[in-house]
Amino acid sequence: MMYDAIIIGAGIGGLTVAALLARDGYRVAVLEGHIEPGGCASSYRRKRPDGTSYVFDVGATLFGGFQPGGAHDWVARRLSLRFPVVPLEPAMQVWLPDRVVTRYGDPEAWRAERMRAFPAQSAAAERFWQNQEQIADSVWRFAARHPPMPPETMGDFLNVVPTIRPEMIGLLAHLERTVGHELRRYRISDPALHAFINAQLLISAQVPADECAWLFGSVALDLARQGVFYAEGGAWSIARTLADAFIRDGGDLRYRTWVEQILVEGGRAVGVRLANGEELRSHLIISGQTVPDVARLLGASAPRHLLRVVRTLPEAWGAFTLYVGVADTGIPTGLPAHHQILLDYDLPMGEGNTAFISLHPAHDTSRAPAGQCAITISTHTRVVPWWAARAAGRAAYQERKARWAEVLLDAAERVLPGLRSHIRYQQEGTPVSFARYTRRAEGMVGGLGQRPAQSGFRSLGARAAGVPGLWLVGDSTFPGQSSAAVTQSAIRLYTILRRG
Ligand SMILES: Cc1cc2nc3c(=O)[nH]c(=O)nc-3n(C[C@H](O)[C@H](O)[C@H](O)COP(=O)(O)OP(=O)(O)OC[C@H]3O[C@@H](n4cnc5c(N)ncnc54)[C@H](O)[C@@H]3O)c2cc1C
């Protein structure tokens, strides 16, 4: 069968562009290797012998972009669907070694909280935060016009120009700046405030202030103000809602279907070969994979430029995750759903020194057996040592997993004292697990660090593969990681394709 478009992967990026095209009457196939949609923003069910079950979020747990005008909201309107999400306030708590900071979405509450939590240089810090909000507002307004970013052709340039407003001209001077530059400009030296900003950037931009592009960083620090949401029933509800809309509009969604090769003839992508040897053909191939994975599927057809891009990409993070079922008696009453923990001001971020904990809200009884809570705990980790441990044999790998589980439980005990004695179920996830379930190269997750050399106008675009007929969507392309960001990348690609 000849399709108008073939999409590799039912992650949020691939599924969103698939659903948008199907809505417009395209005959679209989505090929997903796993048994559920959502990729890194999915969930899994763990049944217990008594018939009850847990639903754990595998990666993403906290979602932006559902507020009016946000990327998911734009898609919902376009597809006439309703995502099952509810707003969360506060967005999260950040547990620094000597204080707890609550990230309120309400601007006034957040202003009062940051002044309370960081009194050392509150006047200078206030100027920094006000500037951050102003810059973020301009960037959000630009993003809402869906410019074809980064411009890759003359046509893209011509389409970007009308989306630029006079307020944007001033932002050009910021393109090469980092969040670190801004902190120095406001003479902010308070180590606690620096650590707070570094920790927050780690989860949304993958790099600390001194490396993080300021325009991206201003938006990353704005997540709570824009509004964060909980997905009822678990993260996979978002992808399942998209999948339902796609099928409603005639889409062909195949699970347990791994693509092994992207077929190129005469320099053009013309189809895919599946693991069972079947070939599917289309003039439009869209990959929701990471850039190194696209190069792997192209094999000998990968252009030299793409191979050079892959070789020179900075190392991306992996994640070590812990999925625990916990008796409610171990959870303090009124505790917010999300917590970031920094254990030691003097140690680098990630690798167990920072951790992120997400509990499902008590009202959602679908997530765990009665009287229990399904919790995901994660930390950023380098992928290489995990593969080395695996190569060293089962014992070395299991020992490493067990040791890291203890590190994360120690961190989580800050928020949930006595946690260990309340655990009823526990399962670990490593970069090896992420590679197995999502086929992402070496289990690297979360996209590229948003350094000026990989951010904004200099990020990878939809044509980064350099093969006509092959388009990219997802978190290694603009604007980066998160369900909202990959939705933005899907909208951008849809807009380019519709313009023709
Ligand atoms: C631990 C962790 C925590 C996170 N926390 C958050 C958070 O709280 N909020 C947030 O917004 N974001 C978060 N993120 C980031 C977010 O999940 C991702 O940026 C986003 O989901 C990526 O979507 P994607 O569509 O680009 O790719 P993916 O989610 O990787 O989807 C790609 C899909 O393609 C499929 N696939 C790959 N290769 C093939 C093939 N050859 N054939 C067929 N199918 C294939 C995979 O199975 C997968 O389903 C987190 C990520 C992790 C790992």
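Per-chain numbering applies: the sequence of each chain, read as written, is numbered from 1 onward. The model is predicted, so local features are restricted to residues of pLDDT at least 70 and side-chain atom pairs to those at 80 or more, both for listing and for counting; the totals for chains, interfaces and linings are taken over all residues. Side-chain measures here rest on the full set of heavy atoms in the structure, leaving out hydrogens and waters.

(A) Structural detail: the overall build of the protein. Each helix and strand counted, the protein has 17 helices and 20 strands in total. Exposure is judged per residue with a 1.4 Å probe applied to protein chains only, and the accessible area is read against the type maximum: over 50% gives exposed, under 20% gives buried, and values in between give partly exposed. Out of the 500 residues in the protein, the part that is buried amounts to 60%. Any pair of residues with heavy atoms lying within 4.5 Å of one another is described as a contacting pair. Partitioning the intrachain contacts of the protein with sequence separation of at least 6 by distance along the chain shows that 69% fall at a separation of at least 24. The charged-residue count follows a simple rule in which Lys and Arg add positive charge and Asp and Glu add negative charge, with His and chain termini not counted at all. Every charge is mapped to an atom, namely NZ of Lys, CZ of Arg, CG of Asp or CD of Glu. Of the side-chain charges in the protein, 53 are positive and 46 negative, and the distance between the mean point of each set is 4 Å. By the criteria applied, helices consist of DSSP H or I runs no shorter than four residues and strands consist of E runs no shorter than two, each listed in order from the N terminus.

(B) Examining the domain arrangement of the protein more closely. In this document the domain limits rely on a domain assignment from an automatic tool or a database. Here the protein is described as being made up of domain 1 (2–42 + 235–314 + 448–499), domain 2 (92–226) and domain 3 (317–441). With 16 residues of domain 2 at the interface, the matching set in domain 3 holds 18 residues. Taken over both partners, the interface formed by domain 2 and domain 3 buries close to 1600 Å², and the fraction arising from carbon and sulfur atoms is 62%. Reported buried area values correspond to the accessible surface (1.4 Å probe) lost by two parts on association, with both partners' losses combined. A per-residue breakdown of the area domain 2 buries against domain 3 is headed by W95, P97 and L202, which together make up 44% of the total. N or O atoms within 3.5 Å of each other form a polar contact, as long as, within protein, one can give a hydrogen and the other can take it, and as long as residues adjacent in sequence are counted only when both atoms are side-chain atoms. Viewed at the interface, domain 3 and domain 2 are joined by 12 residue pairs in polar contact (both at pLDDT 80 or more). Mapped by element, the contributors of at least two residues to the side of domain 2 that touches domain 3 are β7 (92–96) and α8 (191–205). Among the elements that line the side of domain 2 that touches domain 3, the one with the most residues is α8, at 7 residues.

(C) Looking closely at the packing of aromatic side chains. Stacked, tilted and edge-to-face are the three classes applied to pairs of Phe, Tyr and Trp rings, where Trp contributes its six-membered ring and a pair requires centres within 6.5 Å; stacked means planes under 30 degrees apart, edge-to-face means over 60, and tilted covers the rest. With the rule as written, the count across this model stands at 20 aromatic pairs. For the ring pair W110 and W129, a centre distance of 5.5 Å and an interplane angle of 75° mean the geometry is edge-to-face. Of this pair, W110 sits in helix α3 (residues 107–117) while W129 sits in helix α4 (residues 122–144), and the two are 19 residues apart along the sequence. When sorted by exposure, W110 lands in the same class as W129, which is buried. Ring centres of F118 and F196 lie 5.3 Å apart, and the angle between their planes is 55°; on these two criteria the pair is classed as tilted. Of this pair, F118 sits in the loop between α3 and α4 while F196 sits in helix α8; the two residues are 78 residues apart in sequence, bridging distant segments of the chain. Each of the two residues, F118 as well as F196, counts as buried. One aromatic cluster is present, formed by W110, F118, F128, W129, Y186, F196 and W214 through successive ring pairs. The ring of W386 carries R400 above its face, with NZ or CZ at 4.3 Å from the centroid. Above the plane of the ring of W258 lies R439, whose end atom (NZ or CZ) is 3.8 Å from the centre. Whether a charge lies above a ring is judged from NZ of Lys or CZ of Arg, which has to be within 6 Å of the ring centre and within 35 degrees of the ring normal.

(D) Representation of α3. Within α3, the full set of buried residues consists of W110, E113, R114 and A117. Taken end-on, α3 shows its buried residues confined to a sector of 95°, consistent with a single buried face. The inward-facing, buried residues of α3 abut β8 (99–103), α4 and α8. Taken from the helix axis, the directions to the C-beta atoms give the arc we talk about.

(E) Fine view of the site of the ligand. The local shell around the ligand holds 34 residues, among which E32, C40, L62, R440 and D475 are the closest. Contact distances for the ligand include 3.1 Å between an oxygen atom and a backbone N or O atom of T61. Here a nitrogen atom of the ligand and a backbone polar atom of L62 are 2.7 Å apart. Only the protein chains shown count as cover for residues, with accessible areas throughout obtained via the Shrake-Rupley method and a probe of 1.4 Å. For the ligand, whose free accessible area comes to 1000 Å², the fraction covered by protein is 93%. Only α1 (12–23), α16 (431–438) and α17 (483–499) provide two or more residues apiece to the shell around the ligand. Under the convention adopted here, Pro, Cys and the residues Ala, Val, Leu, Ile, Met, Phe, Trp and Tyr are nonpolar, Asp, Glu, Lys and Arg are charged, and Gly plus all remaining residues are polar. For the shell around the ligand, the class distribution of residues is 14 nonpolar, 16 polar and 4 charged. Throughout, near means a residue has at least one heavy atom within 4 Å of the molecule or strand.

(F) Structural detail: the state of the cysteines. Count a disulfide wherever a pair of cysteine sulfur atoms falls within 2.5 Å. Enumeration over the complete set of coordinates arrives at 0 disulfides. Among the cysteines around C40, which has no disulfide bond, C212 carries the closest sulfur, lying 20 Å off.

(G) Layout of the nonpolar core. Only buried Ala, Val, Leu, Ile, Met, Phe, Trp, Tyr and Cys residues count toward a nonpolar core, and they belong to the same one when joined by side-chain atoms within 4.5 Å. F128, W129, V179, F196 and I197 are the most contacted members of the largest nonpolar core, which has 53 residues in total. Contributions of two or more residues to this core are made by β7, α3, α4, α6 (166–172), α7 (179–185), α8, α9 (214–220) and β9 (228–231). In terms of residue count, the dominant contributor to this core is α8 (9 residues). Looking at which domains feed residues into this core, each of domain 2 (92–226) and domain 3 (317–441) gives three or more. If we skip the residues at most four places from it in the chain, V179 touches F128, I197, L201, A209, C212, A213, W214 and G217. One finds V17, A71, I286 and W471 within the second-largest nonpolar core, a separate group that totals 45 residues.

(H) Representation of the sheet that holds strand β11 (residues 259–265) within the structure. A pair of strands counts as paired when DSSP detects no fewer than two bridges linking them. The 4 strands are arranged β1-β13-β12-β11 in an open sheet whose pairing can be described as mixed. The open sheet terminates on both sides in strands that have one partner only, identified here as β1 (2–3) and β11. In terms of strand pairing, strand β12 (residues 268–274) meets strand β13 (residues 279–282) through 3 bridges, oriented antiparallel. Looking at β13, one finds that R273 is bridged to E279.

(I) Region of interest: the pairing of β7. Of all 5 residues that make up β7, 5 are buried, and the element is covered over most of its length. By the alternation rule, side chains of β7 split into M92, V94 and L96 and Q93 and W95, which are all buried. Note that β7 and β8 share 5 bridges and pair antiparallel. Residue pairing for β8: L96 is matched across the bridge by R99. Relative to strand β16 (residues 338–342), β7 is paired through 3 bridges, and the arrangement is parallel. Its bridge partner being in β16, W95 is matched across the sheet by I341.

(J) Highlighting the packing of helix α12 (residues 291–298) against helix α13 (residues 304–312). Every axis corresponds to a line fitted to the C-alpha atoms, with the helix fit spanning only the stretch in contact, and the corresponding angles, defined between N-to-C directions, vary from 0 to 180 degrees. Viewed as axis vectors pointing N to C, α12 and α13 meet at an angle of 140°, and their least axial separation amounts to 10 Å. Our classification of the angle between α12 and α13 gives oblique. Crossing angle aside, the handedness with which α12 passes α13 is left-handed. Note on element contacts: α13 touches α12 through L306, L307, V309 and V310, opposite V291, P292, A295 and L298. Along the lines of polarity and charge, the residues of the contact of α12 with α13 split into 8 nonpolar, no polar and no charged. Here the word oblique covers every angle except those under 35 degrees (roughly parallel), over 145 (roughly antiparallel) and from 65 to 115 (roughly perpendicular). By convention, the crossing between two helices is left-handed when the near helix turns anticlockwise from the far helix through less than a right angle, and right-handed when the turn is clockwise.

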